[in-house]
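So the chains spell out like this:
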Amino acid sequence: MDATDDEMKSDSDPDYIYVDDDDDDDDIVDDGEVLVVDGEGQVYADDVVPRGRARKSGAHGLGDEEEEPGDGQDANLDPVDALLRKVRSVKLDAKDAKEEEPDTASGLDPDAIENLLKVHQDELIRAINSGVPEYQRKAFQSIAEFAELSTENEAEILNSEFLPMLGTAMQPNVPDIVQYAALSVIVNLVGGPKKHTAAVVEAGFIEPLAALLLNPATPIVPRMKAMHAIANIAHDSRKFRDMLLSQCIIPSLLASFAHYIEADKSRPARMALRCINELVYWSDPDWKQLEPLVDCAMDLLQPHDDKILRESCAIIHSLLAHGLGRVDIVNNMVNAPLCLRLLRLIFYTHSIYMKPAFDCILIICAKGELRALESFVKGSICYRLADFLWQRNDPFRAPAMMVLANLIRYPCFLPEIIEKDLIDSCVTILLTDVNMGCRKEACWVIANAAALKLPEINSGLMSIPDLVPALIVFMEVSHTTDLQATLRALETLFFILSTGDMYLQGGSAQRGASNPFADEMAENQGQVERLMTLYCEISGYGIEGLNESEAVAGEEMDDGGSSAEEDGPLNRASSSSVVRRHVPLKTKVAAMLKQILNKWFRPKVENVLREGQWVSPLTQSSSSSSFGVEDAEMLDMLSGKMQGMKAGV
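Nothing here was measured: the structure is a model prediction, and the numbers come from that model. (Residues numbered from 1 in each chain as written. Predicted model: local features only at pLDDT ≥ 70, side-chain atom pairs only at ≥ 80, totals over all residues. Heavy atoms only, no water.)

*Asks:* Tell me about the packing of aromatic side chains, and name the residues and values.
*Replies:* If you walk through the whole model with that rule in mind, you get six aromatic pairs. For the pair Phe358 and Phe388, a centre-to-centre distance of 5.3 Å together with 55 degrees between the ring planes defines the contact as tilted. Taken together, the residues Phe358 in helix H20 (residues 354–367) and Phe388 in helix H22 (residues 381–390) connect sequence positions 30 residues apart. The exposure classification of Phe358 matches that of Phe388, with both residues buried. Here Phe494 and Trp600 contribute two aromatic rings whose centre-to-centre distance is 5.6 Å and whose plane-to-plane angle is 80 degrees, an arrangement assigned as edge-to-face. Of this pair, Phe494 sits in helix H29 (residues 483–504) while Trp600 sits in helix H34 (residues 585–600), placing them 106 residues apart in sequence. Here the aromatic cluster, defined as three or more aromatic residues joined through ring pairs, consists of Phe358, Phe388 and Phe396. Here the guanidinium or amino end of Arg488 rests over the ring plane of Trp444, the centre of that ring lying 5.0 Å away. (Phe/Tyr/Trp six-rings, centres within 6.5 Å; stacked < 30°, edge-to-face > 60°. Helix = DSSP H or I, 4+ residues; strand = E, 2+ residues; numbered from the N terminus. Buried < 20%, exposed > 50% of the residue type's maximum accessible area, 1.4 Å probe, protein only. Lys NZ or Arg CZ within 6 Å of the ring centre and 35° of its normal.)

Structure, rendered in structure tokens:
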């Protein structure tokens with residue numbers, strides 16, 4: 001297989017493409033639903049497979065009614081019927097065994113399938129070469145169901161004489177029932193291990209599959225099978241995706257989607273979208289091939305059934321994730337109508353397309369231009385975000401705060417945000433929510449608001465009684481599991497206290513002036529003491545300060561490393577708080593705590609140590625009432641120079 005390991009995608013990849021996670025049968029073609037194939041007969045449509053390998057496509061139900069050989073048919077081909085019944089019997093036995101003993105691996109009896117294909121190989125070859133469509137159909141159907149039994153059977157088929165015959169059966173002049181059965185074999189082969197997909201690709205099946213899509217005369221059922229096979233192939237590697245895109249199949253898929261929507265055939269339309277979904281999943285696509293898709297993005301989001309809208313939102317999400325901010329056609333795609341349509345989709349409570357729609361909005365808020373965000377705000381996104389924040393168990397509570405954290409970076413949106421009490425709601429969530437993920441997102445919102453360093457905003461934050469206690473409690477809980485979140489909470493305090501220096505003198509802080517925010521914290525019993533305790537727990541060295549190795553890292557940070565002041569409001573779609581040098585995160589958190597205690601609370605710390613009001617979490621012994629060597633070391637540590645953490649100006 002030519003594809004390298006880094007080109008391969010595991011089954012646990014992130015969900016740019018959204019997989020069916022519901023167990024309802026509405027997602028597949030219901031058993032017994034009849035689709036007419038060009039008036040030549042009826043076939044039973046098989047399952048529409050979701051992205052990935054959750055289900056394979058068998059050829060079951062494709063003209064299953066038994067027929068006696070008539071005039072012009074070879075009666076000696078009857079054993080193919082017996083083989084088909086035998087394979088199905090094995091499948092049913094395996095299903096029954098699986099239901100009786102769910103813990104068994106597959107329920108298959110190895111003796112029942114051993115050499116099944118080899119024993120009947122001659123019969124199958126004679127049936128395929130007979131030129132009788134019904135016998136050809138049953139032969140390929142038997143092979144498809146045999147492949148469905150195990151991956152070992154798939155490998156046996158790939159190494160047999162049947163592979164070239166499958167290519168012949170996909171030609172345009174072949175009856176559609178034969179095409180469908182042959183395509184069922186291909187779908188099962190590419191629905192197995194990645195090496196089997198590679199073998200199918202190397203055998204040259206990409207061009208015949210693309211030709212079926214490009215041919216407008218291809219009937220609906222073989223066309224769906226071809227889309228199914230292409231989706232499975234594209235799923236496996238970036239290399240295969242590129243090979244498929246080079247066949248220029250995107251316009252044909254879009255035309256099929258439009259035709260099926262107009263004809264009110266939702267399942268074929270959804271299959272077309274799933275095929276597109278796989279083709280746009282991988283990064284760095286050929287944007288020239290995807291240009292028709294980008295141009296009709298709004299058409300995909302028009303009112304359809306919920307599952308079609310979910311697929312459409314997933315496609316838009318992949319386009320935005322790979323191209324927004326880097327590709328002009330994607331940047332131009334993000335206009336006011338698209339933003340308002342996505343926003344409208346999240347107003348429908350608990351619909352299945354809300355998650356991909358929300359993810360699209362998040363990417364636009366994180367990477368898009370200000371005009372796109374203005375469209376969201378004018379469309380009352382703050383009103384909808386407030387609904388999510390008020391509902392304690394809403395699954396979209398955390399994504400809503402991620403969107404809010406990106407909006408709050410722009411001061412022009414603050415009036416709308418403040419009017420809906422969104423910041424107050426985030427403080428409440430930070431203090432009381434049992435979900436740590438929601439508390440983390442609430443911390444990001446508050447941190448980005450404080451990072452604007454606007455006196456009126458930070459003064460308003462400090463006027464919320466629960467803000468500082470909420471930040472301290474959050475740091476106490478998070479520092480053992482998520483130091484990045486702890487750092488962001490510390491940066492929030494740093495931004496607010498720095499603004500307090502400016503606020504007192506109208507932007508020109510003077511030496512010796514009192515910081516009203518620091519004074520308020522110092523007057524609240526226990527807040528400074530808890531910061532001291534937190535410093536000891538994080539540094540691990542108590543009042544002796546940082547050890548030698550951490551001091552070196554701290555010195556690196558002091559010499560031009562990143563600071564809270566430089567970070568400002570952060571893009572929530574990026575990684576967390578920026579660390580531009582290789583400074584241990586634990587050291588950075590300890591250094592910032594040390595800076596805060598030294599700059600704004602040194603008198604309070606001195607008083608606490610003198611009066612013996614604080615107990616070290618490491619020694620669990622009270623500080624003496626008079627200064628000792630340990631206390632002197634603590635004060636020396638707190639008065640050390642911290643060039644990297646400067647007060648905000």
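*Asks:* Kindly report on the pattern of salt bridges, identifying the contributing residues and their values.
*Replies:* This model, assessed by the stated rule, comprises 13 salt bridges. For the salt bridge of Asp359 with Lys355, the shortest nitrogen-to-oxygen distance reads 3.2 Å. With Asp359 and Lys355 both in helix H20 and four residues apart, this pair spans about one turn of that helix. In this structure Asp359 comes out as buried when scored by relative accessible area, which is 16%. (Salt bridge = Lys/Arg side-chain N within 4 Å of Asp/Glu carboxyl O.)

*Asks:* How would you explain the packing of helix H14 (residues 266–279) against helix H17 (residues 306–323) if you had to name every residue and give the values?
*Replies:* The geometry of H14 relative to H17 is characterised by a closest axis approach of 9 Å and an angle of 15 degrees between their N-to-C directions. Compared by their axis directions, H14 and H17 come out roughly parallel. Crossing of H14 over H17 shows left-handed handedness. Note on element contacts: H17 touches H14 through Lys307, Ile308, Arg310, Glu311, Ser312, Ala314 and Ile315, opposite Ser266, Ala269, Arg270, Leu273, Arg274, Ile276 and Asn277. Split into classes, the residues belonging to the contact of H14 with H17 amount to six nonpolar, three polar and five charged. (Axes fitted to C-alpha atoms, helices over the stretch in contact; angles between N-to-C directions. Parallel < 35°, antiparallel > 145°, perpendicular 65-115°, else oblique. Left-handed = near helix turned anticlockwise from the far one by under 90°. Contact = heavy atoms within 4.5 Å. Nonpolar A, V, L, I, M, F, W, Y, C, P; charged D, E, K, R; others polar.)

*Asks:* I'd love a proper account of the state of the cysteines, names of residues and values included.
*Replies:* Considering all chains together, one arrives at zero disulfides under this definition. With no disulfide partner, Cys360 has as its closest neighbouring cysteine sulfur the one in Cys313, 5.6 Å distant. By relative accessible area, Cys360 is classed as buried at 0%. Cys339 supplies the cysteine sulfur nearest to Cys365, a cysteine that is in no disulfide, at a spacing of 8.1 Å. (Disulfide = S-S within 2.5 Å.)

*Asks:* Describe the confidence of the model for the protein, naming the residues involved and giving the relevant values.
*Replies:* Regions with low pLDDT carry predicted coordinates that are not meant to be interpreted in detail. Across the protein, the average pLDDT comes to 77, with 70% of residues at 70 or higher. Confidence, expressed as mean pLDDT per element, reaches its minimum in the protein at strand E1 (residues 34–36) with 32 and its maximum at helix H12 (residues 238–245) with 96. Scored below 50 in pLDDT, residues 543–563 makes 49 contacts in the model with residues more than four places away or belonging to other chains. For residues 620–649, every residue scores under 50 in pLDDT, and the model assigns this stretch 70 contacts once sequence neighbours within four places are set aside. (pLDDT = per-residue confidence, 0-100.)

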